[in-house]
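Overview (structure and organization)
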Amino acid sequence: STLFSLIDKMAKQMMKHKDNDEVIAAYIKKIQLEKEQIESIIAQTEALEVEQKRRHQLLGSNDASSNRIALQKQIHMLENRLNDALVKFNTKVQENKKLRDLIGEKRRER
């Protein structure tokens, strides 16, 4: 938008100098150069966007495989935690059974 405001300024200055053909021609040349630069920048931006999309598509598959590997590691870690918890739980169940049996024996002895 700064380029367009510059173009507007140039147009206003041209109106002030209607009599001076050289000034008008110079401003027309500057305006044309600014338009060409704008078109060039737009073309470069579009080319960069296309390249960015292409790279994102290429890297997207790598992201998926790295996500899959990370997920597999997390699953393995959680399975190990579950296994450890089951071992502790079964140990406590066995201890509780022994204590219940002991309590039952003590009650029968009374």
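Report follows, based on the coordinates. These numbers come from a predicted model, not from an experiment.

So, the overall build of the protein
Helix and strand counts for the protein come out as two helices and zero strands. Within the protein, the fraction of its 110 residues that count as buried is 8%. Of the roughly 10,300 Å² that the protein leaves accessible, carbon and sulfur atoms contribute 56%.

Points about the pattern of salt bridges
Taken as a whole, this structure holds four salt bridges when the rule is applied. We note a salt bridge from R54 to E51, for which the minimum N-O separation is 2.6 Å. One end of the pair is R54 and the other is E51, both in helix α2 (residues 21-109) and three residues apart, which spans about a single turn. In this structure R54 comes out as partly exposed when scored by relative accessible area, which is 41%. By relative accessible area, which is 27% here, E51 ends up partly exposed. Residues joined by salt bridges that share partners form a network here, namely E51, R54 and R55.

Structural notes on the side chain of E34
Its place among the elements puts E34 in helix α2. Look past the residues within four positions of E34 in its chain and what remains in contact with it is L3, L6, I7 and M10.

Digging into the environment of D8
Position of D8 among the secondary structure elements: in helix α1 (residues 2-16). Looking at D8, the relative accessible area reads 45%, which means it is partly exposed. Linking D8 and I31, residues 23 residues apart in sequence, is a C-alpha distance of 9.5 Å.

Here is what the cut-offs are and how they apply
Residues numbered from 1 in each chain as written. Predicted model: local features only at pLDDT ≥ 70, side-chain atom pairs only at ≥ 80, totals over all residues. Heavy atoms only, no water. Helix = DSSP H or I, 4+ residues; strand = E, 2+ residues; numbered from the N terminus. Buried < 20%, exposed > 50% of the residue type's maximum accessible area, 1.4 Å probe, protein only. Areas by Shrake-Rupley, 256 points an atom, 1.4 Å probe, with all protein chains shown as cover. Salt bridge = Lys/Arg side-chain N within 4 Å of Asp/Glu carboxyl O. Contact = heavy atoms within 4.5 Å.

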